[in-house]
Amino acid sequence: MEELSPWMDLAELPADPPEMRRVCTECGRPSVVCWCSSLPDVPLKTKSRVIILQHPAEEKRCLRTAPMLQRGLAEGKCLVFRGKKFPQNKHEGLLDILKMSNTILLYPSKDAVDLETVPKVDSEENGYNIVIIDGTWPQAKGIYNNAPILHGIKQVKLLVKNKSEYVIRSQPTDGCLSTLETATEALSVLESVDYRATLLRPLRALCCYQLNHGAVIHDSTDFRIKTNTYPRRLGKRLNKFLKEFN
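All figures in this text were calculated on a predicted structure; none of them were measured in a lab. (Residues numbered from 1 in each chain as written. Predicted model: local features only at pLDDT ≥ 70, side-chain atom pairs only at ≥ 80, totals over all residues. Heavy atoms only, no water.)

### Observations concerning the pairing of strand S6 (residues 154-157)
Stated formally: Two strands are said to pair when DSSP picks up at least two bridges between them. Each helix is a run of DSSP H or I of at least 4 residues and each strand a run of E of at least 2, with the numbering of both proceeding from the N terminus.
In terms of strand pairing, strand S3 (residues 103-106) meets S6 through 3 bridges, oriented parallel. Paired with Leu105 across the strands is Gln155, a residue of S6. The pairing of strand S4 (residues 113-114) with S6 spans 2 bridges and is classified as parallel. The residue bridging Val113 from the neighbouring strand is Val156, located in S6.

Laid out in structure tokens, this is it:
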């Protein structure tokens, strides 16, 4: 037992704490994958503002794009409200925004009109409040169905077929865009200014880093089904969703 004593003493020593990765205090990402350097030098002061209704589950995702939009736009030009039902008492100011005549909702309902047909913005005085629901399609649909006030807002849709640049995450169809891309596209169309090169830079930087370190490009679910490369059997929910977007 005396021979084991030194080893017993060593065994009782506390283990060194694991080395923590350095994290950027601004974007919350590990420093090696921080995208802050890709943000515009001066946040963009657009004529319109983006109002994001965010499902709580979206906040927990590590590869979110809403923070890129918040940081890329000037203060007050991107407001985020979190919840499953809107508006609630905790959503200060949201009810007033949703009642404004210049508020539009980006949502592909049967009554939605092509965003291209909406009058363009030429000054901050006639800018829009562009409401975007941030979440998966089932989450977004649930938020819409549980918020009657949204049904009375002018509804618009983006008729785009270009693929999302968020290539490290699967999209349902080629026309589906991330929150950052959706807002950027809407602002570019409504204000006749191409914001894409500036606002999408952090997303491109993030995807480039991930692809250089083992990530792979994800084709849309719809594309994989059409090319017989989708690995699972289609469920009723997915079938219904794809029919709604095709």
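### A look at the pairing of strand S5 (residues 129-134)
Operational definition: Summary of the burial criterion: residues with accessible area below 20% of their type's maximum are buried, those above 50% are exposed, and those between are partly exposed, where the area comes from a 1.4 Å probe applied to protein chains only.
Among the 6 residues of S5, 6 are classified as buried, and the element is accordingly described as predominantly covered. Burial along S5 is two-sided: Asn129, Val131 and Ile133 facing one way and Ile130, Ile132 and Asp134 facing the other are all buried. As paired elements, strand S1 (residues 49-54) and S5 share 6 bridges and run parallel to each other. When the sheet's bridge partners are listed, Gln54 is paired in S5 with Asp134. As judged from the 4 bridges shared by S3 and S5, these two strands associate in the parallel manner. Looking at the pairing, Leu106 lines up with Ile132 of S5.

### Regarding the nonpolar core
Here is the rule we go by: We call a set of buried Ala, Val, Leu, Ile, Met, Phe, Trp, Tyr and Cys residues a nonpolar core when their side-chain atoms join them within 4.5 Å. In this description, contact between two residues means that some pair of their heavy atoms is separated by no more than 4.5 Å.
Grouped together as the largest cluster of nonpolar side chains are 36 residues, with contacts concentrated most on Val50, Leu69, Leu73, Leu115, Ile130 and Leu190. Of all elements in the fold, only S1, helix H2 (66-72), S3, S5, helix H6 (179-191) and helix H8 (201-212) reach the threshold of two or more residues within this core. Each residue touching Ile130, except ones within four places of it in the same chain, is listed here: Ser48, Arg49, Val50, Ile51, Ile104, Leu106, Ala186, Leu187 and Leu190. Formed by 18 residues, the second largest nonpolar core is a distinct cluster that contains Phe86, Ile97, Leu105 and Ile153.

### Things to note about the pattern of salt bridges
To be explicit about the condition: What makes a salt bridge here is a side-chain nitrogen of Lys or Arg within 4 Å of a carboxyl oxygen of Asp or Glu, nothing more.
Overall, the coordinates contain 6 salt bridges when judged by the stated rule. Across the pair Glu59 and Arg82 runs a salt bridge whose closest N-O atoms are separated by 3.5 Å. Here Arg82 lies in strand S2 (residues 78-82) and Glu59 lies in the loop between S1 and H2, a separation of 23 residues in the sequence. Taking the relative accessible area as the measure of exposure, Glu59 reaches 39% and is therefore partly exposed. Accessibility expressed as a relative area gives 30% for Arg82, which makes it partly exposed. A salt bridge links Asp111 to Lys110, with the nearest nitrogen and oxygen atoms 3.6 Å apart. For Asp111, a relative accessible area of 55% puts it in the exposed group. Take Lys110: its relative accessible area is 79%, and that puts it in the exposed class. Through salt bridges with shared partners, one network takes in Glu185, Asp194 and Arg196.

### Section: the packing of aromatic side chains
Filter applied, for reference: Ring pairs shown here join Phe, Tyr and Trp side chains whose ring centres sit within 6.5 Å, with only the six-membered ring taken for Trp; geometry is labelled stacked below 30 degrees between planes, edge-to-face above 60, and tilted in between.
In the structure shown here, the tally under the stated rule is 2 aromatic pairs. Their ring planes at 20° and their centres at 5.7 Å tell us that Tyr107 and Trp137 sit as a pair that is stacked. Of the two residues, Tyr107 sits in the loop between S3 and S4 while Trp137 sits in helix H4 (residues 137-145), which places them 30 residues apart along the sequence. Exposure class is identical for Tyr107 and Trp137. Each is buried. Where Tyr107 meets Tyr144, the ring centres are 4.1 Å apart and the plane angle is 15°; that geometry is what we call stacked. With Tyr107 in the loop between S3 and S4 and Tyr144 in helix H4, this pair connects stretches of sequence that are 37 residues apart. Cluster of aromatic residues (ring-pair linked, three or more members): Tyr107, Trp137 and Tyr144.

### Section: H8
Note the threshold: Take the residue count of a helix, subtract one, and multiply by 1.5 Å to get its expected span. Think of it as the arc spanned by the lines of direction from the helix axis to the C-beta atoms.
The terminal C-alpha atoms of H8 lie 17 Å apart, and with 12 residues this matches the ideal 16 Å at 1.5 Å per residue to within 8%. Within the span of H8, buried status applies to Pro202, Leu203, Leu206 and Cys207. The arc that holds the buried residues of H8, viewed along the axis, is 130°, so those residues lie on one side. In this structure, the buried residues of H8 make contact with H2, H6 and helix H7 (196-199). Immediately downstream of H8, the backbone of Gly214 shows phi near 105°, a positive value.

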